[in-house]
Every structure is written in C-alpha cells, then in structure tokens.
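# Close look at the chain arrangement
Letter by letter, the chains look like this.
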Amino acid sequence: MRFFLITNVIKNLQLKTYYLQLLLLGTLTFQSCEPMFDTPTPSAGAADFSKYVAIGSSYSAGFTDGALSKYGQAASFPNLLAHQMQLAGGADTFNIPLLQGEKGTYPADDYGPGDFDKTLPRLQLVKEPDCKGEVALLPERIDETGDNEINMGDPSQRIFPADVQFHHLGIPAMKVIHYSSPGYGDVANFGTNKGFSPYFWRIAPEPLFLSSPFTFVAAIKPTFFTVELGMSDVLAYAIDGGIGKINDSYDEDITAVNAFRANLEFILDDLLETQGAQGVIANIPDVTTFPYFRRIIYDSLNLDVAKADSMNTLYPTIGYTFHEGFNPFVVKEDGVVRVIKSTEFVTLGIDIDSLKCLELGAFIPIKDVDILSETEIANVRSFTVQFNTVIEELAAERGLAVVDLAGFMDEIYNETTISGIDFSAEMVSGAFFSLDGLHPTDRGQAMLTNEFIKVINQQYGAQLPALNISDYKGVLFP
C-alpha cells in the first residue's frame, strides 16, 4: 500500500528534456490574501459564514510536494477561503489541526505496526548531479525522515482536545466511503478495507474505534461547508498502477458507484438537513491528466545500435523491433512482457535513477505497479464520469451548487492564462502542480479558492473578494 507514494520523483528523464521556468514568488501569510485590485465591499449575501467547516481529501488538506506540512495546511484553499469569509463577517476563528514540525510528514513504504515513526518529509528542488553525473535541478526529499507526528505508537502525539473544535477537516487520501466509517483513526483498521488514516488519528475523538469525520462534524454544527471528496476514490487506484480492484473498498481500489452514491447522499443530507447548513460541493477532475502520469514519455528509451541489437535478441517475440534512437519502454503486465503503448503511462512512482541508469524499462521490464494500461486508464476515467454524475444528480436534487473542478483542471491541462500568469499541467513550469505531480502549489491553492468563491458568490449573492494569485508562490527554486 503506497498511501500516496511519491518516491524519487522526476529527475529530468534522460532524453526529452523539459525546461524550468522561474515563477513569480509570493510570501504567504494569513493576511496576504487581500487582492491588489478594486473589489466590491465584501458581503455574505444570503450565506451564513459564522461557522465554516471544510470537508475534503488531499486538496483540502493542503498536501503538497509529497507530504503534509503546516505550510501546506496554511496555504490550503479552505484556510484562504475562511479568511475571505471573515472579510464578509464570517467567524474570526477557523481552527486547523496544524502540524508542528518544519519538514512535513508522509507515511514511508515501511510505515506500519512497530514502525509508525517511519515517515518522509516534503520535496524541494536541489541542484546536483544526477545518476549520470549531469548537473540538474532535481526534486528530492529535504531530509531522510519526516517529522514524527503521526506515530500511532505514541499516543502523546494525538491532539484531540475537548475544548477545541477543528473546522479544517481536510484529510489526505480520505474517500467518500471513509467519512462516516467508524474507527477511521483506529490503528486496528490499519491495512483493512474498513478505512484508516494516521492523519485523522491525530485529531480523532475517543473512543477511536467509533470515531469518524462524521462524528467530528456533527459536534461542530456548521452553518456553511465545502465538500471536496471523491478524487481519492479513483486516485489511489491510479497511483498504485491499477493493481487494485474496481468496485471495492481497500485503499488501492476504486469505490463502487452504489457505495459512493449512498455515502455521499448521507454526507449531504446530514449537512443540509440535520445540521441545517449551507454550502457547495466540488466535482472530480480527470486525474490521468496530472503530470504524475504524463511526465515520463512512453518512448523515452534511447538506444545505441549495440543495445538495440541486444534487446532484439533478448525479446525475439515481443512484436517490436528495437532500433537506434528513441523506443518505447519494455513493461511486464500480468506476466506478459511487451512494449508500452503510446496511450499508456509510466508513473512517477517509479525509481527514476533505475530508469535512467540501470536498464529499467530496457533489459529489465517495468513492473505493473509503475504503469497505467489502457484498461486501467479507462477504469479511472469511467468511474470519474460516473462519480461526477452522482455528484451532479445529488446536488441538483438538493439545490446545491457544484464547483466544477473537472472543467477547471481541463483548462489547466489545455493551458490557460490567468491574471497574466501562464498555467499548464507541466511539472514545475506549469505553476499549478507541486513537485509531486499530483497536488497544487500555494498558487494552485489560490486558484482553487477563487473557483469556490465564484460559485459561492453566484449561489448565495455574496461578494467574497477573489484572491490575487500573483501573491502566492509556485515552486521554490534553490
């Protein structure tokens, strides 16, 4: 189980070079959100922002650069949105379960019982020689270990206090089916299909075997909410190379549509009817357009004549004749060795040094876990469409407005210019995606905030001011 494994991400894969563009950098503070242009006087319209709660997964949490950190949490769209709500008379308090360390934290490969202290820190760009000795800008972890803040062997790290309510419930990797799952923070559920999060463990109320994000929100009684859920219901499957199942409930699986509908219906009815809250819900982008799946070009295997001849000898029945120059990588899926198709992806979960320097993808086939086949890509896209249909139907039945993150991310993928800044789905230079190729930069979070603001203003007649996205940083350069 990779959780959201981002190891050895992109190291300027040997051949088809991409260029790094210095982005406009901004300093993030809670007060820096005010736009630099004229806006109407902020007002709430018909909305009640007095107690805003954000419910969501990795994007809501502020997960960025391959880890969750206090810096990402502070830059998350719920936090930025809460400040704009404050300008319109919203609550002065928006409590976030902030991490305390400087490095960030993310479960490592060997994270588990007896090793709950094994975590990874966030990524940063460094200039150093790659495995070929060529100096390049490379994303690398800032340290060998991350902050020790999700160690379930140390109950003192839990920060659930009886006198504080956390309004920011963005939990990395949380699926729709996890929201009301009892024991979502209980270590007994680790590795099972019941759902489990070490991030929720930090804040989960006692008793742990009964607690869930639902019980947390029910105690808060929000007046306004944002729901950003569903991406993890397909993304975990995609990150794990489609080795999981469809219509199942383990971390690496794609959630069944009927389970997705039933759980989302419960979430919305509880918020709207039982809690009496107002709010908006986001739909799900096509994650296969993210650079994590697109950065490595399928035919980047550069061979000289001798290696091409050797590979033709090694793979006489592969159905492809290797030649000098660029060739498709060799992969092994379901026990069958073949060349990868132009419509398939090598993911950034792969060991890039092995791909560049140790014959991986050539004399050593790439494993199934590091590719997305045509069938697996079709699964991700099909379920995304079905989940979005469910979101649209349930929202329409309840008069709930939908934030079109799917359409917004399509614009990013097809390249767009906003406030004079060019955005695309490119790693680093595209401005939206952080170094893990999956999650937004601070600037990307500001863009998401503005998408939520547009819909809230239209639905409720509010006048929340948009953010000036140039005030927020993209990728930091050494």
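First, a word on scope: everything that follows refers to the structure included in this document. Keep in mind that this is a model prediction, so the values were computed, not measured. (Residues numbered from 1 in each chain as written. Predicted model: local features only at pLDDT ≥ 70, side-chain atom pairs only at ≥ 80, totals over all residues. Heavy atoms only, no water.)

### Focus: the layout of surface pockets
To keep things clear, this is the line we draw: Residues are said to line a cavity or pocket when one of their atoms sits within 4 Å of a point; the points come from a 1 Å grid over protein atoms alone, cavities being sets where a 1.4 Å probe fits but cannot get out and pockets being open sets with protein on both sides within 12 Å along at least five of seven lines. Grid points are joined across faces, edges and corners, and a volume is the space filled by probe spheres set on the points. We count a stretch as a helix when DSSP gives it H or I for four or more residues in a row; a strand needs E for two or more, and each element gets its number in order from the N terminus.
Roughly 370 Å³ of volume is contained in the largest pocket. Looking at the lining of the largest pocket, the elements with two or more residues in it are α2 (70-75) and β4 (123-129).

### Regarding the pattern of salt bridges
Any two side chains of opposite charge can pair, given that their charged atoms come close. The condition is simple: Whenever Lys or Arg places a side-chain nitrogen within 4 Å of a carboxyl oxygen from Asp or Glu, that contact is recorded as a salt bridge. Only protein chains enter the accessibility calculation, which uses a 1.4 Å probe; a residue whose area is less than 20% of its type maximum is buried, one above 50% is exposed, and one in between is partly exposed.
All told, the structure shown has 18 salt bridges when counted by the stated rule. A salt bridge links K118 to D115, with the shortest nitrogen-to-oxygen separation between them at 3.2 Å. Overall, D115 belongs to the partly exposed group, its relative accessible area being 28%. In this structure, E333 engages R338 in a salt bridge whose closest nitrogen and oxygen atoms are separated by 2.8 Å. Per residue, the accessibility class of E333 equals that of R338, and both read buried. Linked by salt bridges that have partners in common, E265, D269, E397 and R398 make up one network.

### A look at empty space enclosed by the protein
The criterion, for reference: Three classes are used: nonpolar for Ala, Val, Leu, Ile, Met, Phe, Trp, Tyr, Cys and Pro, charged for Asp, Glu, Lys and Arg, and polar for all others, with Gly counted as polar.
Counted by the stated rule, this structure contains seven cavities of 30 Å³ or more. What the second largest cavity holds in volume is close to 110 Å³. For the second largest cavity, the lining is made up of 14 residues, of which L68, Q73, P97, G170 and Y199 are closest to its centre. Looking at the lining of the second largest cavity, the elements that each hand over two or more residues are β6 (168-170) and α4 (198-203). Looking at which element gives the most residues to the lining of the second largest cavity, the answer is α4, with four residues. Tallied by class, residues from the lining of the second largest cavity come to 10 nonpolar, three polar and one charged.

### Here's the deal with the sheet that holds strand β7 (residues 224-228)
We count it as follows: Between any two strands, at least two bridges found by DSSP are needed for them to pair. Note on definitions: angles span 0 to 180 degrees between N-to-C directions of axes, and those axes are lines fitted to C-alpha atoms, for helices only across the stretch in contact. Whether two residues are in contact is decided by their heavy atoms, any of which lying within 4.5 Å being enough.
An order of β6-β1-β7-β8-β15 is seen for the five strands of this open sheet, with the pairing classed as parallel. Here the strands that pair on one side only, and so sit at the sheet edges, are β6 and β15 (401-403). When the angles between neighbouring strand axes are averaged without regard to direction, this sheet yields 20 degrees. Sheet topology places β7 next to strand β8 (residues 278-282); four bridges connect them, and they run parallel. Paired with V227 across the strands is I281, a residue of β8. The sheet strands contacting helix α7 (residues 257-274) are β1 (52-56), β7 and β8, and the helix crosses β7 at an angle near 170 degrees.

### Notes on unusual backbone geometry
Between E206 and the following residue, P207, the backbone shows a cis peptide bond with an omega angle of -5 degrees. One non-glycine residue, A173, adopts positive backbone phi at about 75 degrees. Relative to the helices and strands, A173 is located in the loop between β6 and α4. On the basis of relative accessible area, A173 is assigned to the partly exposed category, the value being 23%.

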